[in-house]
Amino acid sequence: VKCFDIGHEREIITRLSTKYEQFRKKGIKTGILSAFASDNLKSYIYIEGKSVNHIKRFVTGIRQINANSVKVVPASEMLGVFRSAQEAAKGRFVPLMMGEWVRIKRHPVYSNDLAQVVESFDMDVEVKIRPRINYDEDPREAHSALFGRRTTKKPRPHASFFDPIESENRGGQGAVERVRYRTATNPNEIFDQYRNERYKDGYLYRRFKRNALLTGDDVQPSITEISEFLGSAAAGGEGQALLAAAAASMVVTGVNGRSETSSDLSCPKTFD
């Protein structure tokens, strides 16, 4: 719902709560279930009601609200709104666990790709991801593509596991070196280094800014995505466990058409 007074969203929620309480004491049913304001979205508030008409009637008379601006927001999108609000309220990002699924946001090469958390820092997250490498491409062109500086637009390479032998057989554009790197579990972890990027077990290991990743309920990996990500490991015990966990956490659409997940996120102002 659009508000006229930017920066006063919480105050408007308080007014709505007061109005609801007045109606409740008079025995008037409003059809309003909850109201919520996010510090990350100025000049808008969220109101949950039994229908759009219930919401429009309820906000009529509140001068700071445009009753004609009511728009329906899918329940699935609200999960991301609540999670973002939780993170902002804590003054930090929700910690990411090792092995947690994330998704790359906008990126010249890896946009929307599924990745898995390897190590989480304050504002950075190291993930492993199926690389997209054109072994025949000039290393300078590949580097420019990674950072969005390529002058000519080309289709991004297919996602596949890194193969050091294939990298040498197909053009030899860049040598593969064995390097040691300190990780959370091993101070001398061995990696393949190719074109200044680190690889292990076929995966690319790379750091991203925390705000460059989709997390939690915004990721929603499919069974196919996870199976492709795991590759041959999908047939193993750990791979089967990950696939089973993904199947169990898939969004289920109820008979009322609303998406239901295992997340338990509640609104600050819930009207009984």
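As a convention, each chain's residues are numbered from 1 in the sequence order in which they are written. This being a predicted model, a pLDDT of at least 70 is required before a residue's local features are given, and a value of 80 or more before pairs of side-chain atoms are given or counted; all residues contribute to the totals for chains, interfaces and linings. The side-chain figures draw on all heavy atoms in the structure; neither hydrogens nor water molecules are used.

Quick notes on the overall build of the chain
- Only DSSP runs of H or I covering at least 4 residues are called helices, and only runs of E covering at least 2 are called strands; the numbering of each starts at the N terminus. What the chain contains, in helices and strands, is seven helices and 13 strands.
- In the chain, which comprises 272 residues, the proportion classed as buried is 37%.
- A contact between two residues is defined here by any heavy atoms of the two lying within 4.5 Å. Considering only intrachain contacts with a sequence separation of at least 6, the fraction spanning at least 24 residues in the chain is 61%.
- Where accessible areas are quoted, they stem from the Shrake-Rupley method and a 1.4 Å probe; at the residue level, only the protein chains shown are allowed to cover. By element, 49% of the accessible surface of the chain is carried by carbon and sulfur atoms, the whole surface being about 16200 Å². A 1.4 Å probe rolled over the protein chains alone gives each residue an accessible area, and that area as a share of the maximum for its type sets the label: buried under 20%, exposed over 50%, partly exposed in between.

Observations regarding the packing of helix α1 (residues 9-25) against helix α2 (residues 52-59)
- Only the stretch in contact is used when a helix axis is fitted, and all axes are lines through C-alpha atoms; the angle between N-to-C directions ranges over 0 to 180 degrees. At a minimum axis distance of 11 Å, the contact between α1 and α2 shows a crossing angle of 100°. Between α1 and α2, the angle falls in the class roughly perpendicular. In this structure, α1 uses L16, K19 and Y20 to contact α2, whose residues at the interface are R57, F58 and V59.
- Class assignment for the residues of the contact of α1 with α2 results in four nonpolar, no polar and two charged. Just so you know how the angles are binned, under 35 degrees is roughly parallel, over 145 roughly antiparallel, 65 to 115 roughly perpendicular, and the rest oblique. Under the grouping applied here, Gly and all other residues not named as nonpolar or charged are polar, the nonpolar ones being Ala, Val, Leu, Ile, Met, Phe, Trp, Tyr, Cys and Pro and the charged ones Asp, Glu, Lys and Arg.

Side note on the packing of aromatic side chains
- Within 6.5 Å between ring centres, the rings of Phe, Tyr and Trp (the latter by its six-membered ring) count as paired, and their orientation is classed by plane angle as stacked under 30 degrees, edge-to-face over 60, tilted in between. Evaluated as defined, the whole model comprises eleven aromatic pairs.
- Considering the side-chain rings of F161 and Y203, the 5.1 Å spacing of their centres and the 90° angle between planes classify their relative orientation as edge-to-face. Of this pair, F161 sits in the loop between α4 (139-146) and α5 (164-169) while Y203 sits in strand β9 (residues 203-209), and the two are 42 residues apart along the sequence.
- For F161, a relative accessible area of 29% gives the class partly exposed.

With respect to the sheet that holds strand β4 (residues 114-120)
- Only strands that DSSP links by at least two bridges are regarded as paired with each other. With antiparallel pairing, the eight strands of this open sheet are ordered in space as β6-β7-β8-β9-β5-β4-β3-β10. With partners counted over all chains shown, the strands left at the sheet margins are β6 (176-181) and β10 (213-214), one partner each.
- Here strand β8 (residues 197-200) pairs with β9 via three bridges, running antiparallel. Residue pairing in the sheet places Y199 in a bridge with L204 of β9.
- This element, helix α6 (residues 223-230), spans β3 (101-104), β4, β5 (124-129) and β9 of the sheet and lies at about 60° to β4.

A closer look at the pairing of β4
- Counting buried positions over the seven residues of β4 gives five, a clear majority of the element.
- Of the pairings in the sheet, the one linking β3 to β4 comprises three bridges and is antiparallel in character. Bridged to R103 within β4 is L114.
- Relative to β5, β4 runs antiparallel, the two being bridged by five bridges.

Quick word on the confidence of the model for the chain
- As a per-residue measure, pLDDT reflects the predictor's confidence and takes values from 0 up to 100. Counting all residues, the mean pLDDT for the chain is 77, and 70% of those residues have values of 70 or more.
- Here residues 251-268 is modelled with pLDDT under 50, and outside its nearest four sequence neighbours on either side it reaches 26 contacts, counting other chains as well.

Side note on the pattern of salt bridges
- Salt bridges, as used here, are contacts in which a Lys or Arg side-chain nitrogen is within 4 Å of a carboxyl oxygen on Asp or Glu. What the rule picks out here adds up to eleven salt bridges.
- Of the charged contacts in the structure, one is a salt bridge between K209 and D124, with a shortest N-O distance of 3.2 Å. In this pair, K209 sits in strand β9 while D124 sits in strand β5, placing the two residues 85 residues apart along the sequence.
- Given a relative accessible area of 49%, K209 falls into the partly exposed group.
- Among the salt bridges present, the one from E189 reaches K200, with a minimum N-O distance of 3.4 Å. On the criterion of sequence distance, the pair formed by E189 in strand β7 (residues 189-194) and K200 in strand β8 is long-range, its members being eleven residues apart.
- Assessed through its relative accessible area of 16%, E189 is described here as buried.

Structural notes on unusual backbone geometry
- Notably, N112 is not glycine yet its phi reads approximately 70°, a positive angle.
- Residue N112 is classed as partly exposed on the basis of its relative accessible area of 46%.
- The phi dihedral of R195 is positive, around 55°, even though this residue is not glycine.
- Here R195 shows up in the loop between β7 and β8.

As for the environment of S69
- Within the fold, S69 resides in the loop between α2 and α3 (75-90).
- Separated by 25 residues in sequence, S69 and Y44 have C-alpha atoms that sit 9.8 Å apart.
- Only 2.7 Å separates the side chain of S69 from the backbone oxygen of N66, close enough to count as a polar contact. Two N or O atoms form a polar contact when they lie within 3.5 Å of each other; inside protein one atom must be a possible hydrogen donor and the other a possible acceptor, and for residues adjacent in sequence the pair counts only when both atoms belong to side chains.

Re α2
- Those residues of α2 that sit buried are I55, F58 and V59. Along α2, the residues classed as buried sweep out an arc of 90° about the axis, all on the same side.
- Contacts made by the buried residues of α2 are with α1, β1 (32-36) and β2 (46-49).
- Looking one or two residues beyond α2, the residue adopting positive phi is G61, at roughly 105°. Throughout, the arc means the angular range of directions from the helix axis out to the C-beta atoms.

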